[in-house]
Amino acid sequence: MGATTRALFLSCFHGGGGFEVSHRLALRPRYPSMPRRPKGAAAAGGSGGRGGGDLEAAAVAGNEEEEKVATFSVSGMTCAACAGSVEKAVKRLPGIHDAAVDVLGGRAQENRITEAIEDVGFEAKLIDEEVMEKNILLCRLHIKGMACKYCTSTVEFVLQTSPGVQRASVALATEEAEIRYDRRIVSATQLIQAVEETGFEAILVTTGEDRSRIDLKMDGVLDKRSLMMLESSVQALPGVENVKFDTELNKVTILYKPDQTGPRDLIEVIKSATSGLVNASIYLEADGRDQHRYREIKRYRQSFLWSLIFTIPIFLTSMVFMYIPWLKAGLEKKVFNMMSTGELLRWILSTPVQFVIGRKFYAGAYKAMCRGSPNMDVLIALGTNTAYFYSVYSVLRAATSDNYMSTDFFETSSMLISFILLGKYLEILAKGKTSEAIAKLMDLAPETATLLMYDHEGNVVGENEIDSRLIQKNDVIKVVPGGKVASDGFVIWGQSHVNESMITGESRPVAKRKGDTVIGGTVNENGVLHVRATFVGSESALAQIVRLVESAQMAKAPVQKFADQISRVFVPLVILFSLLTWLAWFAAGRLHSYPNSWIPPSMDSFQLALQFGISVMVIACPCALGLATPTAVMVATGVGASRGVLIKGGHALESAQKVDCIVFDKTGTLTIGKPVVVDTRLLKNMVLREFYDYAAAAEINSEHPLAKAIVEHAKKLHLEENHIWPEARDFISVTGHGVMAEVSDKSVIVGNKSFMLSSYINIPLEASEILIEEEEKARTGVIVAMDREVVGIISVSDPIKPNAHEVISYLKSMNVESIMVTGDNWGTANAIGKEVGIEKIIAEAKPEQKAEMVKELQLSGRTVAMVGDGINDSPALVSADVGLAIGAGTDVAIEAADIVLMKSNLEDVITAIDLSRKTFFRIRMNYVWALGYNVIGIPIAAGVLFPSTGFRLPPWVAGAAMAASSVSVVCWSLLLRYYKSPKIVGS
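Residues numbered from 1 in each chain as written. Predicted model: local features only at pLDDT ≥ 70, side-chain atom pairs only at ≥ 80, totals over all residues. Heavy atoms only, no water.

Looking at an unreviewed UniProt entry, one finds the chain named P-type Cu(+) transporter and attributed to Urochloa decumbens. Looking at the chain in UniProt, the text filed under Subcellular location (unreviewed entry) is "Membrane". (UniProt positions renumbered as here; feature names shortened; annotations may be inferred.)

Written out as structure tokens, the structure is:
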């Protein structure tokens, strides 16, 4: 029976059946892309088993590489086990991006994929292949008016079901939506319309395609003709993609390609096109989200202060002045029949609070009911309206009656609104502090930069101080001692030390000289540097880190599904319970089921029942449930980023706190990853410098770290700086084994023992003894053979990272088992394992075997983390429950990981796990508080304690408690800001 197989990617959907496989020299990241800096250029370095070592070279593909999707028909599959076999076989192939199998129908270079499927006993036939266009964008919207988790669920559902939307995530804590969409099917404008149809206001933060965007303010007289001329002039510039004018604000928004033009070019064109009549400058405007938050804080503060002006007199006339005889007499003076002065005064004062200051709750409730999703606003509107309109009824009845004694609850509705406004004000203030880490990151960039001016001969003729946002690609920036580097780039003149701790976490200043890369936002310590800008604006490492942290804060933790499920039914259930509470107390009063002494002197049984019903309605709080997880995740990801631990969202945090087993790669993870030659043993009579000339000539074409170590050592044997090595012909590199080439008149082979044996080269006994000796010293022996004879062995050592032993010991105290998996030989692996304190070791493992080992551990019930830095670690990083990539590793490893350790320190593995555990302790306590508050508060508000204790919760007190619950949850999460990493003995 045939079966259909399909690979489902975030960026691509296919109709029909088939087996789709995506090709690329990388694994698809589960999270937004990490910056390809600050490690300098994309590099080699990982692990793989060459020369007995597990370091491996890699060419990292650029941004412009294509993704391909191939669909195969696979016949012979009968069950899920068959599908699993096919999936596993295909995923093992190098270059496979992702593959998943769905046993539903009968369809699934491509010879290798076909052969892999056939090797596990099935037939495969290529159906079609599609080149995926880069049309998948990530849009961010700021959404105004969301009051609780029910609102976010509604918006998320509407966006998720929109055509062309692949994924939508809405966060209450940030009031933002992140939408992954296909721009061929839907536009950002249509997404905004979809949100606004649900009754919320949406503000575009970014469409995902305007990475290089600038807003310019135009000073001068602009008419219709000059605007048309400006638009055509700017549009004619190479690289300009879109021009949009806002005549009300005298602002122009331009989208452009930074490698073709830049902001200074745009300003110059505007000036020249208008003959100097119009000048353009950077439009000074705070971030849209910050602006909205400041406006919202101001609005709630003003609303609360205005409500106090009316509410305080209402409170005094109803609860304080009644105990002052001469004031009481004045308030009880009758105006119309039985309506008193105090009642009329409270009615007049409460009306603006109810309908003017509290109109936000009416608008929110109306929109919520229109979309069929009652929210917190509905509960507030129902509760306050019930109290207000019953009071109006009571007062009007007293005004038309000669004997009716009215009882009003105007203080209830006014005080409820005032306390809720205060709670919202404090909540927004607290939520703003959850994203302080992002603000601090953005503040690292300097405000100004010194631009160097050159003549045609390349001589510096002057310098000009400019806004750092006006830096263009290939500009040369002067950085003085103590100044901040204004842009990513590389040094073209000068030497200094740069403090990069704010970006990479590296505590020691890094030496910089001509050719070295620098990162924007870092601080120049001494010496003057001339830096050529390479990545500016949103392309910079700093901007990409900020984007990653923002996306991480949007990513939901699986535990949040619990709150989502409750929020769907919470408000309707509260309204129902409130009605039942009122009905039960009203019926009990009518049937005289409780003594009249229970009823307060100023009330009757109906009014008592009404107060209980209102209290139930306003004490219930779904907001606290909705904020329990996202606020903690936001603070934790920000705290992690400030400590050099980039956590890619709530899922990574939740998985990390469960980890009980960590698999470590060796090279670049437990060791520094920069091997050096420590000894050379010649087995034939020849000059040492000549020996290294041949070895270096063969290795110069290899990107392997061991090869680089050999070449660097060979350079030291020559006095000249740029020594020219003999020409190597017929160069062949065998990954994980070694290289061979024809150098001058000799055939040179450099590699490990297995490479020599596979090349039919005899290894003498002396050489074998040296290799064993080196393995026992935790060194790697690289064999050099010339003309099919072993002539020498080069000993290479990769020093163990500081505190590696202490880290492994501390993890053991946290009940986390450590395992080392390496492509290195058993002797070296055992020596390293013994030195750092790891007992379980797997050596001579290929990349796919590392991933298989992770899966085996998972099948045994373990929650596994993988720590690695190389391309060959990527399959294991993806397979693990949590992948931790060393920041100094390759781009592929970083993109495949869930957590990136920017400082490349092993201690940060402990920080990541400890921070995740403390975060989820906070989240659990948030849920205990939010649920416990509702579970305990609602029955008390319903009057369960009243018969036995006489304790009754007035509605205004219930409203204050409801407001306090949300604030307390946010504040509890904010305590994570004071997180301190565990102190490791010896660090």
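(A) Representation of the overall build of the chain in the model. Broken down by element type, the chain carries 32 helices and 35 strands. Burial analysis of the chain (987 residues in total) assigns 55% to the buried set. With the model as given, the accessible surface of the chain reaches about 42,700 Å², and the carbon-plus-sulfur share is 56%. (Helix = DSSP H or I, 4+ residues; strand = E, 2+ residues; numbered from the N terminus. Buried < 20%, exposed > 50% of the residue type's maximum accessible area, 1.4 Å probe, protein only. Areas by Shrake-Rupley, 256 points an atom, 1.4 Å probe, with all protein chains shown as cover.)

(B) Inspection of the UniProt feature "transmembrane region" (unreviewed entry) in the chain at higher detail. UniProt records the feature "transmembrane region" (unreviewed entry) at residues 303-324, 344-362, 374-393, 413-430, 569-588, 608-628, 927-946 and 958-979, using the numbering of this structure. What you have in residues 927-946 is 85% helix and 0% strand, and the ends, taken at the C-alpha atoms, are 27 Å apart.

(C) Seen up close, the nonpolar core. Of all hydrophobic cores here, the largest spans 138 residues; its most connected members are Ile179, Ile662, Phe664 and Ile899. In terms of residues, this core owes the most to one element, helix α30 (residues 907-942), which gives 13 residues. Once you skip the residues sitting within four places of it in the chain, Phe664 turns out to touch Thr669, Leu670, Ile808, Leu811, Ser818, Ile819, Met820, Val821, Ile838, Val867, Leu906 and Val909. Residues Met218, Val252, Ile267 and Ala486 belong to the second largest nonpolar core, which totals 28 residues. (Core = buried A, V, L, I, M, F, W, Y, C linked by side-chain atoms within 4.5 Å. Contact = heavy atoms within 4.5 Å.)

(D) A look at unusual backbone geometry. One non-glycine residue, Asp787, lies in positive phi territory at about 50 degrees. Of the residues examined, Asp787 reaches a relative accessible area of 40% and is grouped as partly exposed.

(E) Expanded view of the sheet that holds strand β35 (residues 899-901). Overall, mixed pairing links the seven strands, which are arranged β23-β35-β34-β33-β24-β31-β32 in an open sheet. Every interior strand has two partners, whereas the edge strands, β23 (645-647) and β32 (840-842), have only one. Between one strand axis and the next, the sheet turns by 20 degrees as a mean value, whatever way the strands run. In the sheet, strand β34 (residues 882-886) pairs with β35 via three bridges, with the strands oriented parallel. (Pairing = 2+ DSSP bridges. Axes fitted to C-alpha atoms, helices over the stretch in contact; angles between N-to-C directions.)

(F) Just the pairing of strand β22 (residues 529-535), in detail. Where burial is concerned, most of β22 is hidden: five out of the seven residues are buried. Of the strand pairs in this sheet, strand β16 (residues 476-479) and β22 are connected by four bridges, and their pairing is antiparallel. What sits directly across from Val476, in β22, is Arg532. Relative to β22, strand β17 (residues 488-493) runs antiparallel, the two sharing five bridges. Within the sheet, the bridge partner assigned to Phe490 lies in β22 and is Arg532.

(G) The sheet that holds strand β18 (residues 496-499), seen in detail. Strand order in the open sheet formed by three strands is β19-β18-β21, with antiparallel pairing between adjacent strands. Since the sheet does not close on itself, it has two edges, and those belong to β19 (510-512) and β21 (523-526), each with one partner. Pairwise comparison of adjacent strand axes, ignoring direction, gives a mean angle of 40 degrees for this sheet. Here β18 pairs with β19 via three bridges, running antiparallel. Pairing of His497 across the sheet is with Ala511, part of β19.

(H) Main features of helix α25 (residues 804-813). Among all positions in α25, only Ala804, Val807, Ile808 and Leu811 are buried. Along the axis of α25, the buried residues cluster in a sector spanning 95 degrees; they form a single face. Turned more than 90 degrees off the buried face of α25, the exposed positions are Lys812 and Ser813. Each element contacted by the buried residues of α25 is listed here: β24 (661-664), α20 (666-670), β31 (817-821), α26 (826-836) and α30. Positive backbone phi, approximately 65 degrees, marks Asn815, located one or two places after α25. (Arc of directions from axis to C-beta.)

(I) Examining the side chain of Glu343 more closely. Examined against the element boundaries, Glu343 turns out to sit in helix α9 (residues 341-357). An unpaired buried charge is present at Glu343: no salt bridge exists, and Arg346, the closest side chain of opposite charge, is 5.1 Å distant. Polar side-chain contacts of Glu343 include one of 3.1 Å to the backbone nitrogen of Ser340. Once residues within four sequence positions are removed from consideration, Glu343 is found in contact with Met338, Val395, Ser406, Asp408 and Phe410. (Lys, Arg positive; Asp, Glu negative; His and termini not counted. Salt bridge = Lys/Arg side-chain N within 4 Å of Asp/Glu carboxyl O. Polar contact = N/O pair within 3.5 Å; in protein donor to acceptor, adjacent residues only side chain to side chain.)

(J) Molecular detail of the side chain of Gln354. Considering the arrangement of structural elements, one finds Gln354 in helix α9. A relative accessible area of 1% places Gln354 in the buried class. Side chain to side chain, Gln354 and Tyr362 meet in a polar contact 2.9 Å long. Ignoring any residue separated from it by four or fewer positions in sequence, one finds Gln354 in contact with Arg359, Tyr362, Thr384, Asn385, Tyr388, Ser413 and Ile417.

(K) Fine view of the pattern of salt bridges. Tallied over the full model, the rule gives 18 salt bridges. Asp408 serves as the salt-bridge partner of Arg346, at 2.9 Å between the closest nitrogen and oxygen. Placement of the pair is Arg346 in helix α9 and Asp408 in the loop between α11 (376-399) and α12 (410-433), with a sequence separation of 62 residues. As far as burial versus exposure is concerned, Arg346 and Asp408 are alike and both buried.

(L) Representation of the packing of α9 against α11. Their axes nearest at 11 Å, the elements α9 and α11 cross at an angle of 150 degrees. When the axis of α9 is compared with that of α11, the two are roughly antiparallel. Remark: the crossing between α9 and α11 carries left-handed chirality. Residues Glu343, Trp347, Ser350, Thr351, Gln354 and Phe355 of α9 touch α11, and the partners they reach there are Thr384, Asn385, Tyr388, Phe389, Val392, Val395 and Leu396. Here the residues of the contact of α9 with α11 are counted per class, giving seven nonpolar, five polar and one charged. (Parallel < 35°, antiparallel > 145°, perpendicular 65-115°, else oblique. Left-handed = near helix turned anticlockwise from the far one by under 90°. Nonpolar A, V, L, I, M, F, W, Y, C, P; charged D, E, K, R; others polar.)

(M) Quick peek at the environment of Ile477. Within the element layout of this structure, Ile477 appears in strand β16. Under the relative-accessibility criterion, Ile477 is labelled buried at 4%. Sequence separation between Ile477 and Leu529 is 52 residues; the distance between their C-alpha atoms is 8.1 Å. The contact partners of Ile477, leaving out residues within four places of it in the chain, are Ala449, Thr450, Leu451, Ile471, Ala486, Leu529, His530 and Val531.

(N) How the structure looks around the packing of aromatic side chains. Within the structure shown, the criterion is met by 20 aromatic pairs. Each ring, one from Tyr390 and one from Phe409, has its centre 5.8 Å from the other, and the planes form 25 degrees; the classification is stacked. Of this pair, Tyr390 sits in helix α11 while Phe409 sits in the loop between α11 and α12, placing them 19 residues apart in sequence. An aromatic cluster of at least three residues, connected via ring pairs, comprises Tyr390, Tyr393, Phe409, Trp582, Phe586 and Phe606. (Phe/Tyr/Trp six-rings, centres within 6.5 Å; stacked < 30°, edge-to-face > 60°.)

(O) Here's a closer look at the environment of His142. Mapped onto the elements of the fold, His142 is located in strand β4 (residues 136-144). Taking relative accessible area as the criterion, His142 reaches 5% and is therefore assigned buried.

(P) Structural context of helix α5 (residues 224-235). A rise of 1.5 Å per residue sets the reference length of α5, with its twelve residues, at 16 Å; its end C-alpha atoms lie 16 Å apart and thus fit the reference within 8%. Within the span of α5, buried status applies to Ser226, Leu227, Leu230 and Val234. Projected down its long axis, α5 carries its buried residues within an arc of 100 degrees, all on one side. For α5, the exposed residues set more than 90 degrees away from the buried face come down to Lys224, Arg225 and Met228. (Expected span 1.5 Å × (residues − 1).)

(Q) A nonpolar patch on the surface, seen in detail. Together, Val569, Leu573, Leu576, Leu580 and Leu583 give the surface a local cluster of nonpolar side chains, amounting to about 460 Å² of exposed area. Looking at where Leu580 falls in the secondary structure, it is placed in helix α16 (residues 560-590). (Patch = residues over 30% accessible without salt bridge, like charges linked within 9 Å, V, L, I, M, F, W, Y side chains within 5 Å.)

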